[in-house]
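Per-entry structural report
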Amino acid sequence: MKTQTIYFTITSLRSLFIQMVFTINAIYYVVNANLNPLQLVLIGTIMEATIFLFEMPTGLVADHFGRKHSLFIGTLIVGIAHLLEGVFPSFWSIAFASGLWGLGWTFISGAEEAWIADELDGKNLDYVFLKGAQFESLGQFIGIILSVCIAILYSVKVSIIIAGSMLILLAFAMLFFMHETKFIQITSMRNVSAIRHLRKTIRAGAKQIQGNKILVSIAIITIFSGLASEGFDRLWGAHFIEDFHVSEEKSIYWFGAFYATTFLLNIIVLYFVERHFNKNYPLVLFITNSLLIIMVLLFAFSSNFAIAVITYLMASSLRKIHYPLISIMTNERLEPKGRATILSMFGQLDAIGQILGGPIIGTFALYTTIASGIASSVILILPILLFLLRMLREYHL
C-alpha cells in the first residue's frame, strides 16, 4: 500500500470514529451529565492542561522510538478515553476521560505529520496535507451519519462506546499496516538521558523558530488561536440547547446536520483554496479570520434560530481552514531531524492558549450568559489578524 494511501486511510478512519463522539457529546454533556457552562469549559481545560504537560515528552517518544509506535499508543489511549466517558456520564469521569484523551492526543500530535513528511522526504506536503484534510472531512461526514443513526436507534451513550471500541481496533491495525522506512532517531539513548535529549531538542527547536520570522508569527498566532477557540468549542452546543430550547431528540438531528454541512463546506473550501490561491496562505487566513469575527458575533447575539444556524455553519467552516494551512507553512520550514518534537512545541503553545482562555470565557459565561461568553472570544482573534498582516509582508511565494 502506498504511503499516501496509508496516511489518508488512517487519518480519515480516526477522524470518522472521533467524530462519532464529537457529533453528539455536546448533547451527552448537557442532557445526560447535566454539566453547567463552567464545567463544559473546564473539561476542555483539563484536556488542554494534559496536552501542555505531555506534549513535549511524547514528542520525544516519537523522535526516539518511532512515529509508528507513538501513533499506536495515542490512538489506543484516545479509544479507552471515549469508552470511559461513554460508560460513566458524570462530571468527574468525563473530566478524567478528557485528561486521558489529551494524553493520547499528544502521542498523535506532531508524530503523524512527521511520519508522512519523513516518508515523502518533505516533498508535495501542500498536496498531501490539503488532500488529507479533505479525506478527514469525508471521514468525519460518515462519522456524523453513523453517530446520528446509532443515537436514534439506541442512544447517544451507545454511539460513544462504539466509537471508543473502534479506535482501539484501529490502533492495533496500525501496527500491521504502517511502515516506517525514513525515521531518523535524534541520537542514541544509551549515552544521554531522556531529559537531556529533551532539553537539547527544545533548544534546537527554539533556535529554528527564532531564526525564522514566519515561524515566530505562527507561534504567536497559535497561542491566540488557542485562547479564542475553547469558548466557541465548548459553548456552541449549550447555546442551542439552552438559549433556543432545542430538545434532546431534536438536537440529535440538528447537531448531525450541523456537522455534516460544515464538513461538506470544508471539503469545498479546501478544494477552492488548493486550486486558486497559489500558496498565498497568509492571505487566505487573514480573510477567513476576518469573516470569522463577524460570524461568531452574529451567532452569539442573534435571537433568530435560522440566522444562528447559518452563522454557526459559516463560523465552523472558516475555523476548519486554519489548521491544514498552518501545518503546511510550519512543516515547510522545519528540518526533518527532531520534527515531531518541534511540532509538539507548537501543540503546546495551542494548549497554553486554551488553558488560559477556557476558564476565563467559561467563568464569564457562567456569570453573564452563554452568548456573551461565545462573543467574548472574538477579542482574542483580533491579534491574529495583526500577525497575519505581518506575515503577508514577509511571506515569500
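Relevant structure appears above.
Quick look at the structure, then.

Rules and cut-offs
Residues numbered from 1 in each chain as written. Predicted model: local features only at pLDDT ≥ 70, side-chain atom pairs only at ≥ 80, totals over all residues. Heavy atoms only, no water. Salt bridge = Lys/Arg side-chain N within 4 Å of Asp/Glu carboxyl O. Helix = DSSP H or I, 4+ residues; strand = E, 2+ residues; numbered from the N terminus. Buried < 20%, exposed > 50% of the residue type's maximum accessible area, 1.4 Å probe, protein only. Expected span 1.5 Å × (residues − 1). Polar contact = N/O pair within 3.5 Å; in protein donor to acceptor, adjacent residues only side chain to side chain. Phe/Tyr/Trp six-rings, centres within 6.5 Å; stacked < 30°, edge-to-face > 60°. Contact = heavy atoms within 4.5 Å. Axes fitted to C-alpha atoms, helices over the stretch in contact; angles between N-to-C directions. Parallel < 35°, antiparallel > 145°, perpendicular 65-115°, else oblique. Left-handed = near helix turned anticlockwise from the far one by under 90°. Nonpolar A, V, L, I, M, F, W, Y, C, P; charged D, E, K, R; others polar.

We now examine the pattern of salt bridges. Going through the model one piece at a time under the given rule, you end up with three salt bridges. For Glu112, the salt bridge goes to Arg14, with nearest N and O atoms at 2.8 Å. Here Glu112, found in helix H6 (residues 111–119), pairs with Arg14, found in helix H1 (residues 3–22); they are 98 residues apart in sequence, far enough to count as distant. The exposure class assigned to Glu112 is buried, which follows from its relative accessible area of 11%. Residues Arg319 and Asp233 are paired through a salt bridge, measuring 2.9 Å at the closest nitrogen-oxygen approach. Separated by 86 residues along the polypeptide, Arg319 in helix H13 (residues 305–319) and Asp233 in helix H10 (residues 213–243) bring together distant segments of the chain. For Arg319, a relative accessible area of 25% corresponds to the partly exposed category. Using a relative accessible area of 35% as the deciding quantity, one classes Asp233 as partly exposed.

Turn by turn, an α-helix covers 3.6 residues, leaving residues three or four places apart pointing in a common direction. With 15 residues, H13 extends 21 Å from end C-alpha to end C-alpha; this agrees with the ideal 21 Å at 1.5 Å per step. Among all positions of H13, only Ala308, Val309, Thr311, Tyr312, Leu313, Ala315, Ser316, Ser317 and Leu318 are buried. One side-chain oxygen of the residue at the start of H13 lies 3.0 Å from the amide nitrogen of Ala306, identifying that residue as Asn304.

Further remarks concern the packing of aromatic side chains. Applying the stated criterion across every chain, the model contains 26 aromatic pairs. The interplanar angle of 40 degrees and the centroid separation of 6.0 Å between the aromatic rings of Phe22 and Trp101 together place this pair among those described as tilted. Residue Phe22 is located in helix H1, and its partner Trp101 is located in helix H5 (residues 91–108); the two are separated by 79 residues in the primary sequence. Between Trp236 and Phe240, the ring centres sit 6.3 Å apart and the planes meet at 80 degrees, which makes this aromatic pair edge-to-face. Pair noted here: Trp236 and Phe240 are both in helix H10, with a separation of four residues, about one helical turn. Both residues of the pair, Trp236 and Phe240, count as buried. Cluster of aromatic residues (ring-pair linked, three or more members): Phe232, Trp236, Phe240, Phe244, Trp254, Phe255, Phe258, Phe299, Phe305 and Tyr312.

The next subject is the environment of Phe22. By relative accessible area, which is 27% here, Phe22 ends up partly exposed. A C-alpha to C-alpha distance of 9.5 Å links Phe22 and Gln140, two positions 118 residues apart in sequence. Dropping the residues within four chain positions of it, Phe22 is found in contact with His82, Trp101 and Tyr259.

Where helix H4 (residues 67–87) contacts helix H8 (residues 156–177), the axes come no closer than 8 Å and their chain directions differ by 165 degrees. Taken together, H4 and H8 sit at an angle that is classed as roughly antiparallel. When you trace H4 past H8, the crossing you get is left-handed. For the contact of H4 with H8, the class distribution of residues is 16 nonpolar, six polar and three charged.

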